[in-house]
Amino acid sequence: MLTAGPTQLISTEVWSFTITPESGKPRRWSWNEMMALPSEEIDVDIHCVTRWTKLGTHWRGVALDTFFEEIETGDEYAMVHSYGGYTTNLPLEDLLGGKAWIVYEFEGEPLHAEHGGPARLLVPHLYFWKSAKWVKGITTQRTDEPGFWEGFGYHHYGNPWREERYAGD
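Residues numbered from 1 in each chain as written. Predicted model: local features only at pLDDT ≥ 70, side-chain atom pairs only at ≥ 80, totals over all residues. Heavy atoms only, no water.

Q: Explain the overall build of the protein to me, please; I cannot follow it from the model alone.
A: Broken down by element type, the protein carries two helices and ten strands. Going from N to C terminus, the protein has its helices and strands arranged as β-β-α-β-β-α-β-β-β-β-β-β. A globule of 169 residues ought to have a C-alpha radius of gyration of about 15 Å, and the protein, at 15 Å, matches this closely. With the C-alpha coordinates aligned to their principal axes, the bounding extent of the protein is approximately 40 × 35 × 30 Å. Counting the 169 residues in the protein, one finds 49% classified as buried. Considering only contacts in the protein between residues 6 or more positions apart, those separated by 24 or more positions represent 63%. (Helix = DSSP H or I, 4+ residues; strand = E, 2+ residues; numbered from the N terminus. Rg over C-alpha atoms; globule rule 2.2 N^0.38 Å. Buried < 20%, exposed > 50% of the residue type's maximum accessible area, 1.4 Å probe, protein only. Contact = heavy atoms within 4.5 Å.)

Written out as structure tokens, the structure is:
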């Protein structure tokens, strides 16, 4: 388990998730509000930039499509924000269309803090640094700007099938 800082300990009583589109008017969900949304079982392989893959992982969470039903945006990019200050950038199309979730269970158990609990982003078709631990929000953006690891030379997109690990790959 790789983390860019200390493990964040966020209780479900204080956890929230916010989407802020270009209008600047955020939409926020508490833990209980998220848990009231329809959830999905997700069975996927995950890929780490350090060259490991874990096959057949099992998650439960809420599709980002569900959160974005109430959001109007013309932006094409997103910056994902985490408790602890971590960020990662993604094209908005990689978060929608059944491609990404806010997950809160792994292998039938609540997501442990060291793995990003109580909730993390899951974007399994990209390297796992794009699946931000301790997720707290998304800001839509007109342009693609680097997040935490991208600012240190990691690839802006991170496609494991193209081995897009570092800038220039």
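Picking up where we left off.
Q: Mind showing me how you'd approach the pattern of salt bridges here?
A: Pairs can form between side chains of opposite charge whenever their charged atoms are close. Under the counting rule described, the total for this entry stands at six salt bridges. Across the salt bridge formed by Arg60 and Glu105, the nearest N and O atoms sit 3.9 Å from each other. Taken as a pair, Arg60 in strand S4 (residues 52–63) and Glu105 in strand S7 (residues 101–106) lie far apart in primary sequence, 45 residues in all. Taking the relative accessible area as the measure of exposure, Glu105 reaches 24% and is therefore partly exposed. Of the charged contacts in the structure, one is a salt bridge between Arg142 and Asp75, with a shortest N-O distance of 3.9 Å. One end of the pair, Arg142, is in the segment after strand S10 (135–141); the other, Asp75, is in the loop between helix H2 (64–68) and strand S5 (77–82), and 67 residues separate them in sequence. Look at the salt bridges and you will find they share partners, linking Glu41, Arg60 and Glu105 into a network. (Salt bridge = Lys/Arg side-chain N within 4 Å of Asp/Glu carboxyl O.)

Q: Would you mind showing me how to read the sheet that holds strand S6 (residues 87–91) here?
A: Strand pairing in a sheet relies on backbone hydrogen bonds, with the paired strands running either antiparallel or parallel. Across the sheet, which stays open at both edges, the five strands sit in the order S2-S1-S10-S5-S6 with mixed pairing between neighbours. Looking at the sheet topology across the chains shown, the edges are occupied by strand S2 (27–30) and S6. Pairs of neighbouring strands in the sheet enclose a mean axial angle of 15°, with direction left out of account. Two strands pair when backbone bridges link them, and S5 and S6 are joined in this way by five bridges, in the antiparallel orientation. (Pairing = 2+ DSSP bridges. Axes fitted to C-alpha atoms, helices over the stretch in contact; angles between N-to-C directions.)

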